[in-house]
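Coordinates in review
Listed here are the chains, written in short residue letters.
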Amino acid sequence: MAVLTRGFCVLVLVSCLLVTSAVGQRKSKNQRSVTYDGRSLIVNGGRELLFSGSIHYPRSPPEMWPDLIMKAKEGGLNVIQTYVFWNIHEPVQGQYNFEGNYDLVKFIKLIGEQGLYASLRVGPFIAAEWNQGGFPYWLREVPNITFRSYNEPFMFHMQKFTTMIVDMLRKEKLFAPQGGPIIMSQIENEYNSVQLAYRDMGVKYVHWAANMAVGLQTGVPWVMCKQMDAPDPVINTCNGRHCGDTFPGPNSPNKPSLWTENWTAQYRVFGDPPSQRAAEDIAYSVARFFSKNGTFTNYYMYYGGTNYGRTGSSFVTTRYYDEAPIDEFGLRREPKFGHLRDLHRALRLSKKALLWGVPTVQRISNDLEIRVYEKPGTDICAAFLTNNHTKIPATVNFRGQDYFLPRRSISILPDCKTLVFNTQTMVAQHNARNFHPSKKAGKLEWVVFQESIPNINELPLQNKIPLELYSLTKDTSDYAWYSTSISFDRLDLPMRSDILPVLQIANLGHAMVAFVNGEYIGFGHGSNIEKSFVFQKPINLKPGVNHISLLGMTVGLPNSGANMEKRFAGPRAITIQGLNAGTLDVTLNNWGHEVGVKGEKLELHTEEGSQKVTWSPAGGAGPPLTWYKTYFDVPEGQNPVAVRLTTMGKGMAWVNGKSIGRYWVNYLSPLGQPSQSEYHIPRSFLKPGKNLMILFEETGGNPQGIEVLLVNRDTICSFISEAHPPSVKTWQKEGGQMTVLEDVKSGAHLTCPDDKVIKSVDFASFGDPSGSCGNFAEGKCTSPNSERVVAKYCLGKNSCSIPLEREIFDDKSHDGCPDILKVLAVQARCGRNKSKSD
């Protein structure tokens, strides 16, 4: 046996210590502890200002995920938030699906690969305008279940799914203590709004849910949004538009102020007018929240995406939160995107003061206040100068200097001296979305297949009365047939030809088409506010046997509220009025039922299925319950693709076998327009050759007016006054002092998307122009050189800056309005060079 010398042993020991130290260093570098106190989340020992955005993985194809996450990062976000969608992952009890755009693990990993954190809202109740709030349909049929209550069957399945998700993510090492991006998780969702309905069982449920989640030991904090009594250590958070003023604060002094949903607009339902929320209003609300001790905000949504297939909840449009900073097509919506990006930079310049400074408040009046964060004995200081008046601007004096505050705005001074950002004064560019018909996909040749109208003898499921629609379809289809037959003698029917019997149907929702003896009678529907409706139409009856056939329709399942498991839909009372003997109730007349329509069972939306029937040439407008088929070439270029369906009615659409969602263009908003006319076709759904498009039209439409479109935001604009501050990106902070990165002169800054260049200047006015992007107009005073100056600085460039210097537009002798505050309005059009043209 060899003898080890003392020196050798020391060498081995030192080597071991070095290896252990290196391993420890690698471990600490990759793994992050996540804790919190009354000021902020603390990641790996450091406080953080967290700017988060909701991007839901099932609402876009995986091919879009990297670009969406990259754009979110460019927008100044450092966190991506998503729900976990139980019903897509476990559509059948015990059968799981994490493929394609349901690949949660892949999505979380992509977030981490781009250096961002993740906030995971496990729920598993999520609302989210998603079918049944994320609950799978089979959960509704578990015996003795009560959703979201201290109910053993519900808690068993909720805990089982939550544990499965946490274990799966833990196995992939996706929680921050394992080196992954997840720094926060959520259990339940906005439970306060229904808690009172469950009384003591609601209180017990909240505590059970919190203890269950914390017991999973993920190593990251758990939150409950809009839950005032969130049990320790779970953090209660705010949802809304103005949490800086509406949130009473955490329910414990050792919890930070977190804002889990800052609504960037509003989701829309069919029949709604457009939803709007100004970028200035969002910026004001975020600055307000951070000025009042907030350290985390999440934009709901940052990218809304698309409700593919049948995933949207009751009456929710297929396009989801299109007014977010990134629109449905993955394009930046300016100025919302840019203005919030600039806000994030201004707040980051104030980071040390916000996280380590002592806050003070100086109230000048009911509307004016100054909030300062300052660390005594240092030069760490940031100030928020606030004007809460909604109509009147003001000037405030702060530390010997006057600052002009536009109406309802907040000015941010990261060093308590230098104004770098005002929430109302927008430096970011604007843009407008354009839809252009595709040249390559411009000529569509349509063929049709007509659904047959069944009678009671052809339907397999018989029952005395019409069956409830949700429990009949079990969320496997939007459609179910109901049919009955009835015999009349000649003497039963009205004798006068100008009098017809009336079919009246009380329907609990959501929509229905009706046929009598195979003849289309009409279409009826409810609304998001009132799902039920009464259908009344005159009908032709004949002596002998008459068949009444109804196609009941759902438009998504409910997504929120108490007792969700007890919601109902479908026809419930059917009468025939105006018979010679009076009104006849046929509700108890025996009814046949069948789930789905023939084309669904044949899978006509697929290439293989579409070969199973004989198609006929389309001849313009067609009847209800018609399938339409066409092929189109892949549209030119790289821009996103959409299909415009304004000449259709209501139905479902597929491209190459993949659903692009429900359409409903004959349900008009109060403005007389469809809530959604264009439907996104992701380029990942397309192939180089012939692309199959299938529509199932429920109420009747004309396919000849359908257009395949290319989408862009190549119209870019700027609207800058001489009073605007320089862009916040011109500043950096070193040692508590603000320093200039580049020329700080105010100016208009324009950047084309992708690698496009400015091809033309469509409008330019330096003077007193008015309007908005796509609709500018000259005022009473404008420089005649405006367009020439802008063209000189911008044409042929991907980005450009036009200084707001009067002398570059006119010399003093030619200035027609020297005494006004001047504005530069510019509208330009971007495009690719011809070799890369779209």
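Residues numbered from 1 in each chain as written. Predicted model: local features only at pLDDT ≥ 70, side-chain atom pairs only at ≥ 80, totals over all residues. Heavy atoms only, no water.

A look at the sheet that holds strand S37 (residues 691–697)
Rules: Note on pairing: two strands pair once DSSP finds at least 2 bridges between them. Counting from the N terminus, the helices are the DSSP runs of H or I reaching at least four residues and the strands are the DSSP runs of E reaching at least two.
On the basis of which strands lie adjacent, the open sheet formed by 6 strands has the order S31-S20-S32-S37-S34-S35 and antiparallel pairing. The sheet is open, and its two edges are formed by strand S31 (616–617) and strand S35 (658–664), each paired on a single side. Both strand S34 (residues 650–655) and S37 contribute to a ladder of 5 bridges, which runs antiparallel. Looking across to S37, one finds that glycine 651 is bridged to glutamate 697.

With respect to helix H7 (residues 192–214)
We apply this condition: Between the first and last residue of a helix there are one fewer steps than residues, each counted as 1.5 Å, and that sum is the expected span. Fitting one axis to the seven residues ending at a residue and another to the seven starting there, the bend at that residue is the angle between the two axes. Three exposure classes are used, based on accessible area relative to the maximum for each residue type with a 1.4 Å probe and protein chains only: buried under 20%, partly exposed in between, and exposed over 50%. For this analysis, residues touch if any pair of their heavy atoms sits within 4.5 Å.
With 23 residues, H7 ought to run about 33 Å at 1.5 Å a step, yet its terminal C-alpha atoms sit only 20 Å apart, falling short of that. Residue tyrosine 198 marks the point of greatest curvature in H7, where the axis turns by about 125°. If you check which residues of H7 are buried, you get Val194, Gln195, Tyr198, Gly202, Tyr205, Val206, Trp208, Ala209, Ala210, Met212 and Ala213. The elements touched by buried residues of H7 are helix H6 (152–171), strand S7 (182–187) and strand S8 (222–225).

With respect to the pattern of salt bridges
For the record, the criterion: By definition, a salt bridge exists where a carboxyl oxygen of Asp or Glu is found within 4 Å of a side-chain nitrogen of Lys or Arg.
Evaluation of the coordinates by the stated rule reveals 41 salt bridges. Residues aspartate 281 and arginine 277 are paired through a salt bridge, measuring 2.7 Å at the closest nitrogen-oxygen approach. Taken as a pair, aspartate 281 and arginine 277 share a single burial class, namely buried. Linking arginine 644 and glutamate 678 is a salt bridge whose minimum nitrogen-to-oxygen distance equals 2.9 Å. Here arginine 644, found in strand S33 (residues 641–644), pairs with glutamate 678, found in strand S36 (residues 678–681); they are 34 residues apart in sequence, far enough to count as distant. Residue glutamate 678 is classed as buried on the basis of its relative accessible area of 11%.

As for the packing of aromatic side chains
Put simply, the test is: Two aromatic rings from Phe, Tyr or Trp, using only the six-membered ring of Trp, form a pair when their centres are within 6.5 Å; if the ring planes differ by under 30 degrees the pair is stacked, by over 60 it is edge-to-face, and anything between is tilted.
Within the structure shown, the criterion is met by 42 aromatic pairs. Taken together, a centroid distance of 6.3 Å and an interplanar angle of 85° make the contact between tyrosine 83 and phenylalanine 85 edge-to-face. For the pair tyrosine 83 and phenylalanine 85, one class covers both residues: buried. A ring pair is formed by tryptophan 481 and phenylalanine 515, whose centres lie 6.1 Å apart and whose planes are at 50°; its orientation type is tilted.

A closer look at the sheet that holds strand S13 (residues 368–374)
Taken together, the 5 strands give an open sheet; going across it, the order is S12-S13-S14-S17-S18, and neighbouring strands pair in antiparallel fashion. Unpaired on one side and paired on the other, strand S12 (358–363) and strand S18 (421–422) mark the two borders of the sheet. Here strand S17 (residues 409–413) pairs with S18 via 2 bridges, running antiparallel. Bridge pairing in S18 links isoleucine 412 to phenylalanine 421.

Quick look at empty space enclosed by the protein
Using the following cut-off: Definitions used throughout: a 1 Å grid over protein atoms alone; a cavity as a set of points that fits a 1.4 Å probe which cannot get out; a pocket as an open set with protein on both sides within 12 Å along at least five of seven lines; a lining residue as one with an atom within 4 Å of a point. Grid points are joined across faces, edges and corners, and a volume is the space filled by probe spheres set on the points. Throughout, the ten residues Ala, Val, Leu, Ile, Met, Phe, Trp, Tyr, Cys and Pro are labelled nonpolar, Asp, Glu, Lys and Arg are labelled charged, and all others, Gly among them, are labelled polar.
Per the stated rule, a full pass over the model turns up 4 cavities of 30 Å³ or more. Put simply, the largest cavity is a space of about 50 Å³. Lining the largest cavity are Arg268, Thr317, Arg319, Tyr320, Tyr321, Asp322, Glu323, Ser675 and Gln676. Looking at side-chain class alone, the lining of the largest cavity contains 2 nonpolar, 3 polar and 4 charged residues.

Examining the nonpolar core
Put simply, the test is: Residues enter a nonpolar core if they are buried and are Ala, Val, Leu, Ile, Met, Phe, Trp, Tyr or Cys, with the set joined through side-chain atoms within 4.5 Å.
Grouped together as the largest cluster of nonpolar side chains are 175 residues, with contacts concentrated most on Leu104, Leu169, Leu343, Ile681 and Leu695. A total of 9 residues in this core trace back to one element, the largest contributor, which is H7. What leucine 343 contacts, discounting residues up to four positions off in sequence, is Ala283, Val286, Ala287, Tyr299, Ile412 and Phe421. Counting residues in each nonpolar core, the second largest holds 28 residues, with Tyr137, Ile521, Leu557 and Trp591 among its members.

A look at the confidence of the model for the protein
In low-pLDDT segments, the atomic positions of the prediction should not be examined closely. Rule in force here: Looking at any residue, its pLDDT shows the predictor's confidence there, from 0 to 100.
Averaged over all residues, the pLDDT of the protein is 94; the fraction at 70 or higher stands at 95%. Low pLDDT, under 50, characterises residues 1–28; the stretch is placed with 2 contacts to residues that sit more than four places away or in other chains.

A word on unusual backbone geometry
Cis geometry marks the peptide bond from glycine 123 to proline 124, where omega comes out at 0°. Positionally, proline 124 belongs in the loop between strand S6 (117–123) and helix H5 (137–140). Of note, the bond from tyrosine 300 into methionine 301 is cis; its omega dihedral lies within 30 degrees of zero at 0°. Locating methionine 301 in the fold gives a position in strand S11 (residues 294–303). One non-glycine residue, cysteine 416, lies in positive phi territory at about 65°. Checked against the element boundaries, cysteine 416 lands in the loop between S17 and S18.

Considering the layout of surface pockets
In this structure, the largest pocket spans a volume of roughly 1,000 Å³. Forming the boundary of the largest pocket are 34 residues, of which Ile88, Tyr102, Gly309, Arg310 and Thr311 lie nearest the centre. For the lining of the largest pocket, the secondary structure elements donating two or more residues are helix H3 (86–89), H5, S34 and S35. Tallied by class, the residues present in the lining of the largest pocket amount to 16 nonpolar, 12 polar and 6 charged.

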